[in-house]
Amino acid sequence: MIEIEIDRNSGFCFGVVNAIESAERELKNGTMLYCLGDIVHNSLEMERLKRLGLNTITRDELSALKNKTVLLRAHGEPPLTYEIARNRGIDIVDATCPVVLQLQRRIKDCYYEIKETDAQLVIYGKQGHAEVNGLVGQTEGVAIVIEKPEDLERLDFSREIVLFSQTTKSLDGFRQIVDIIDRMAEGVRFRFFDTICRQVANRLPKIKDFVSKHDWVYFVAGQKSSNGKMLFDECKKSNPDIIFISETSEIKEPLPPGVRSVGVCGATSTPKWLMEEVAARIRALNK
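Please read these numbers as outputs of a predicted model, since none were measured by experiment. (Residues numbered from 1 in each chain as written. Predicted model: local features only at pLDDT ≥ 70, side-chain atom pairs only at ≥ 80, totals over all residues. Heavy atoms only, no water.)

## What to know about the pattern of salt bridges
Applying the stated criterion to the full structure yields 16 salt bridges. The salt bridge partner of Arg48 is Glu45, with a shortest N-O separation of 2.8 Å. Separated by three residues within a single helix, Arg48 and Glu45 lie in helix H2 (residues 43-52), roughly one turn from each other. You can call Glu45 buried: its relative accessible area is 1%. A salt bridge links Asp151 to Lys148; the nearest nitrogen and oxygen atoms lie 3.3 Å apart. (Salt bridge = Lys/Arg side-chain N within 4 Å of Asp/Glu carboxyl O. Helix = DSSP H or I, 4+ residues; strand = E, 2+ residues; numbered from the N terminus. Buried < 20%, exposed > 50% of the residue type's maximum accessible area, 1.4 Å probe, protein only.)

## Re the environment of Thr58
The topology assignment puts Thr58 in the loop between strand S3 (55-57) and helix H3 (59-64). Since its relative accessible area comes to 43%, Thr58 is described here as partly exposed. Residues Thr58 and Asp38, spaced 20 residues apart in sequence, show a C-alpha to C-alpha distance of 9.1 Å.

## Concerning unusual backbone geometry
Its identity is not glycine, yet Asn67 carries a phi of approximately 55 degrees, on the positive side. With respect to the element layout, Asn67 can be found in the loop between H3 and strand S4 (69-72). Here Asn67 falls in the exposed class, since its relative accessible area comes to 58%. Even without being a glycine, Glu140 presents a positive backbone phi close to 60 degrees.

## Topic: the sheet that holds strand S11 (residues 242-245)
Read from one edge of the open sheet, four strands run S1-S12-S10-S11, paired in parallel fashion. Pairing within the sheet leaves two strands with one partner each, and these edge strands are strand S1 (3-6) and S11. When the angles between neighbouring strand axes are averaged without regard to direction, this sheet yields 20 degrees. Where strand S10 (residues 216-220) and strand S12 (residues 261-266) come together, five bridges link them in parallel fashion. Opposite Phe219, over in S12, you have Cys265 as the bridge partner. (Pairing = 2+ DSSP bridges. Axes fitted to C-alpha atoms, helices over the stretch in contact; angles between N-to-C directions.)

## Quick word on the packing of helix H9 (residues 203-212) against helix H10 (residues 226-238)
Closest axis-to-axis distance for the H9/H10 pair is 9 Å, and the angle between their directions is 45 degrees. Overall, the two elements H9 and H10 adopt an arrangement that is oblique. For H9 against H10, the interelement crossing comes out right-handed. Taken together, the residues of H10 that come into contact with H9 (itself represented by Arg203, Leu204, Ile207, Lys208, Val211 and Ser212) are Leu231, Glu234, Cys235 and Ser238. (Parallel < 35°, antiparallel > 145°, perpendicular 65-115°, else oblique. Left-handed = near helix turned anticlockwise from the far one by under 90°. Contact = heavy atoms within 4.5 Å.)

## Re the nonpolar core
Within the largest apolar cluster, 19 residues are counted, with the highest numbers of intra-cluster contacts made by Leu152, Leu155, Leu163 and Ile181. The contact partners of Leu152, leaving out residues within four places of it in the chain, are Ile146, Phe157, Ile177, Ile180 and Ile181. (Core = buried A, V, L, I, M, F, W, Y, C linked by side-chain atoms within 4.5 Å.)

Take a look at the structure:
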């Protein structure tokens, strides 16, 4: 008898839950609702919301709208987005995650504090990520985005550095960046702020513990989920018998001989219903 366990700590984080519930509430009220970008990096959940009536638009399409209702997802947006909405008579349903919103305010305050100095405001995050774009927007586009240690060569270590982090980055990765800057900027003022969301950061040790307890693991996440890629890479260190899938149809074969315990887990953008479908598929193929 094969035991199948779904990780109770996997699935949508608070910010994503809030954004999806906001969309569902507006759609239930009959609102013609547009969402700027994917509300969550999971194609199956996006298809479900599309069937409910959610229209996903690009930034160019936003500029062409007028007198419509647009939802801003949990990732947050730069000030320019709000300005476009005002100019086009667009009603905003702001579902920016409270953690991201607080970080935007902190970065904006810091930017205006150091604007007239030669200090460098640095953000540890994924270049081009929606949240990072919103954070850089608080600095009139001057913040320096650092994605990996090699990017640090873009900094001037003879000038003050102020470092923040994208909320969903790895805590270990952030600490590595801090250590390198601390060594390179010897004698220069260096301030850093750990702004990583603890709901995401605390998930990592829990999910690594979860995968280590099973003979075989299916990790469920969308291909575009940066959080999913980070968690999967870390989970693979704890259990090499882990498979990344985005939908149930990718499971085509029964489990290898000798597997008695299977775990199903996922990213902060993975819906619980999808993990339940994966568990059902495993049962069907391994009766």
